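One-letter residues, chain by chain:
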Amino acid sequence: MFRRIGAIVAAHPWRVIAVWVLAFALVVPFAPTLADVSNSDQTSFLPADRESVQAQEVADEHFPDASGATSVLVVDRADGGPLTAADRARVGALAERLAGAGIPAVTGAVTGAEQVAPDGTVQLVHVAFDGLATDDPVTEAVAEVRDEVAAALSGGGLRSQLGGEAATVVDTEEAFSSAEAITGVATVVLILLLVGVIFRSPVAALLPIVTIGLVFALATSLVALLADATGFEVDASLTSLLIVVLFGIGTDYILFLLFRYRERLRAGEEGRPAIAAAVHRVGEAIASSALVVIVAFLALMLSDLGSFESMAPGLAISVTVMLLASVTLIPAVVALVGPRVFWPSKAWRTAPDGPFFRRVGGLIRRRPGRVALASGGVLVALAAGSLLYTADYDTSSSLPSDTESSQAFATLRGAFPAGALNPTEVYLSGGRAAARAGDLAARLGRVPGVADVNTPVVSADGQVARVSVLLADPAASDAAMDAVEGPVRAAAHDFAGPGERALVGGTTSAHVDVREAVERDMSVVFPVAALLIAVILGLLLRSLVAPLVLLGAVALGFAATLGAGVAIFQGAAGQPGLLFMLPIMLYLFVIAIGTDYNILMTARLREEVTQGLDRRAAADMAVEHAGPAVASAGVILAGTFASLSLTGVGLLVQMGSAIALGVMIVALLMACLLVPSIAALAGHWFWWPGHRDAPAAEPGGPAAEARLEPAAD
């Protein structure tokens, strides 16, 4: 199939390019942006049957005044001293000013003596909004509230920080918007520099930028159109991820093509026949690599947590578009440009003497056991660190520390008891709920892990009682989540009598449900993705053993990456843990995208073996020819993910750094060392039940030609 595709593209490049330009013109100008269909609230992606979601539904119905978005204005003295009586009076006047300022979507602002921190240094003003935190009127009101407060408190020694739900959403959107710009610029600069250095050509460096830029615009427009038409929500981090995913894997595929194209040129073929041959030779590996990524992302649709589920269609659609472009658009451009794609360098004409990967291939040929032991030993040592992995559910730490909502939270955390920041709300409905609310509060006050209980509040219709529970530990801590999941929920449920129902809501309860969803996802998404990837690898390699070896190797790479992340963030950086979603993201990106390199290397191994080389010679030639492409692509992909660490967004920093490290581990240690050395040791059993080792090549035969073919440097 790819022989025919390559021939058609090489013969009609202008027509292929015209089809892509037409698709761009028909879709991109008329599509919404991803920002229009994005959501940054992780808990809003929980399934409807989770207790925290059901509790919020009760709150929305019976306590509508408290169901809208809120923010907390944190006021303290610039000199850090305790608030004076005059300061408190001024804060009270500020609350009245905000309530009466006529700011659209603001329904009230209240404060009082009970809102003063125990040490007297901080006073809170609770600002209520009409609507959800993600609604445009609410986000616009947040900016107006901040302006109004700044004007009211100018001079006088008081300072303010607006945090809480609505303010966090605004700051998150701004942070991700900034992250997209930083990631985009860093990715483009990195690709220009690295591809330019690899091929010593500005033309080759511009090829990924121009073609993948077109694909990125088309793919994101298609995703936004689908989201708008079907109503599914898109996670706010998707755009930043798509930048690195598309530019990362797209550059990988371009490098695979260009290295093989240059190889065919060095063997004496003309420009268009050479690109047709390149598509024929690596098209199957590119398609298999892309399909692995697509099915791994589609496995996210089985996720119980909607933030993962919502990523699946966007990532799968985008990679599909990139796959089509890799075997049509990009070869068409190369067919038109011809060898000038390497201009002004002339190094493409001849292979250098003694390239690095020729020496690596020779080492594997002579000492496959030692290479396998050394590379595998490094991976096992790194993987040991994964045993110390701790999940962190505090998403508030994801925002850059210089955002106002992050600073407000830090001030709150230093002035108020841990549980006071995010009360756990217990709702009792039905029966004699209103009359029994006091008894429920007393019962909850005796539960381990509860520091205090506020006076119960009864809904206007008298049907539901709400008890605010202050936990002894921070809302996102394991101790707080264990308390809510265990004794708090148990006490509430046991208290409910016939005809009554008790539900536990609030931030910590939502974290508990998120934790359960993530644990469930890891037990479902991981094996399903692995099974689908194994099927694709089996079809590509015509083997049962090789796919299992590759999956086992990449799983070891995943564990090594997680262990390295633990050492960097939990160890060196002193963070309490890795963000809870990181293992699934690592699994999918390291397993799926990292498998690209194993596929390219193993496909070349199979090609060399079927041409008649023995197992060790095949490993030698595969590393010599495919190693440069794998290493170059791995460095560039790792660099694109590493650009996420420049954003300052905690999730993206951890994700980018860890995935970048994982890609390097998979590309260099695994694809270039471990896999070919195992193949050299296993021999024909590596390909069972497919072909056996072919007879030794005769002089002048195909295997001999393969040996003499110039290697890529």
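The rules behind each value
- Residues numbered from 1 in each chain as written.
- Predicted model: local features only at pLDDT ≥ 70, side-chain atom pairs only at ≥ 80, totals over all residues.
- Heavy atoms only, no water.
- Phe/Tyr/Trp six-rings, centres within 6.5 Å; stacked < 30°, edge-to-face > 60°.
- Helix = DSSP H or I, 4+ residues; strand = E, 2+ residues; numbered from the N terminus.
- Buried < 20%, exposed > 50% of the residue type's maximum accessible area, 1.4 Å probe, protein only.
- Lys NZ or Arg CZ within 6 Å of the ring centre and 35° of its normal.
- Salt bridge = Lys/Arg side-chain N within 4 Å of Asp/Glu carboxyl O.
- Pairing = 2+ DSSP bridges.
- pLDDT = per-residue confidence, 0-100.
- Contact = heavy atoms within 4.5 Å.
- Expected span 1.5 Å × (residues − 1).
- Patch = residues over 30% accessible without salt bridge, like charges linked within 9 Å, V, L, I, M, F, W, Y side chains within 5 Å.
- Areas by Shrake-Rupley, 256 points an atom, 1.4 Å probe, with all protein chains shown as cover.
- Lys, Arg positive; Asp, Glu negative; His and termini not counted.
- Charge placed at Lys NZ, Arg CZ, Asp CG, Glu CD.

This model, assessed by the stated rule, comprises twelve aromatic pairs. Aromatic side chains Phe63 and Tyr427 sit 6.0 Å apart centroid to centroid with 50° between the ring planes, which places their arrangement in the tilted category. In this pair, Phe63 sits in the loop between helix H3 (51-62) and strand E2 (70-77) while Tyr427 sits in strand E8 (residues 424-429), placing the two residues 364 residues apart along the sequence. Of the two residues, Phe63 and Tyr427, neither departs from the other in class, the shared state being buried. With a centroid separation of 5.3 Å and an interplanar angle of 50°, the aromatic rings of Phe199 and Phe259 are classed as tilted. Taken as a pair, Phe199 in helix H6 (residues 164-199) and Phe259 in helix H8 (residues 238-266) lie far apart in primary sequence, 60 residues in all. Residue classification places Phe199 among the buried residues on the basis of a relative accessible area of 3%. An aromatic cluster of at least three residues, connected via ring pairs, comprises Phe199, Phe259, Tyr261 and Phe342. Across the ring face of Phe63, the terminal group of Arg466 is positioned such that the distance to the ring centre comes to 4.7 Å.

The next subject is the pattern of salt bridges. By the definition in use, this model includes 25 salt bridges. For Glu607, the salt bridge is made with Arg260, and the minimal N-O distance between the two is 2.7 Å. Remark: Arg260 occurs in helix H8 and Glu607 occurs in helix H21 (residues 595-610); sequence separation between them is 347 residues. Exposure remark for Arg260: the relative accessible area of 7% places this residue in the buried category. Of the charged contacts in the structure, one is a salt bridge between Glu500 and Arg436, with a shortest N-O distance of 3.0 Å. Of this pair, Glu500 sits in the loop between helix H17 (478-495) and strand E12 (501-506) while Arg436 sits in helix H16 (residues 433-445), and the two are 64 residues apart along the sequence. Exposure class is identical for Glu500 and Arg436. Each is buried. In this structure, a network of salt bridges that share partners links the residues Arg260, Glu263, Arg281, Arg604, Glu607 and Glu608.

So, about the pairing of strand E4 (residues 122-129). Within E4, seven of the eight residues are buried, which leaves the element mostly enclosed by the surrounding structure. Looking at chain direction, E2 and E4 are connected through seven bridges and run antiparallel. Within E4, the residue paired with Val72 across the bridge is His126. Bridging between strand E3 (residues 106-110) and E4 involves four bridges; their strand directions are antiparallel. Looking across to E4, one finds that Val110 is bridged to His126.

Once that is clear, we can look at the confidence of the model for the protein chain. For the protein chain, the mean per-residue pLDDT works out to 85, and 92% of the residues sit at or above 70. Below pLDDT 50 for its whole length, residues 693-713 participates in 51 contacts with residues either more than four positions away or in separate chains.

Another point: H3. Counted at 1.5 Å a residue, the expected span for H3 with its twelve residues is 16 Å, and the 16 Å between its end C-alpha atoms agrees. Among the residues making up H3, those that are buried are Glu51, Ser52, Val53, Ala55, Val58, Ala59 and His62. Along its buried surface, H3 packs onto E8, strand E11 (464-471), H17, E12 and helix H18 (507-541).

Here the focus is a negative patch on the surface. Negative charge collects at one region of the surface, where Asp136, Glu140, Glu144, Asp147, Glu173 and Glu174 lie side by side. The greatest single-element share of the negative patch, amounting to four residues, is contributed by helix H5 (residues 136-152). Inspection of the secondary structure puts Asp136 in helix H5. Judged by its relative accessible area of 55%, Asp136 is exposed.

Here the focus is a positive patch on the surface. Taken together, Arg366, Arg367, Arg370, Arg615 and Arg616 make up a surface patch of like positive charges. Mapped onto the elements, Arg366 comes out in helix H13 (residues 356-366). Using a relative accessible area of 51% as the deciding quantity, one classes Arg366 as exposed.

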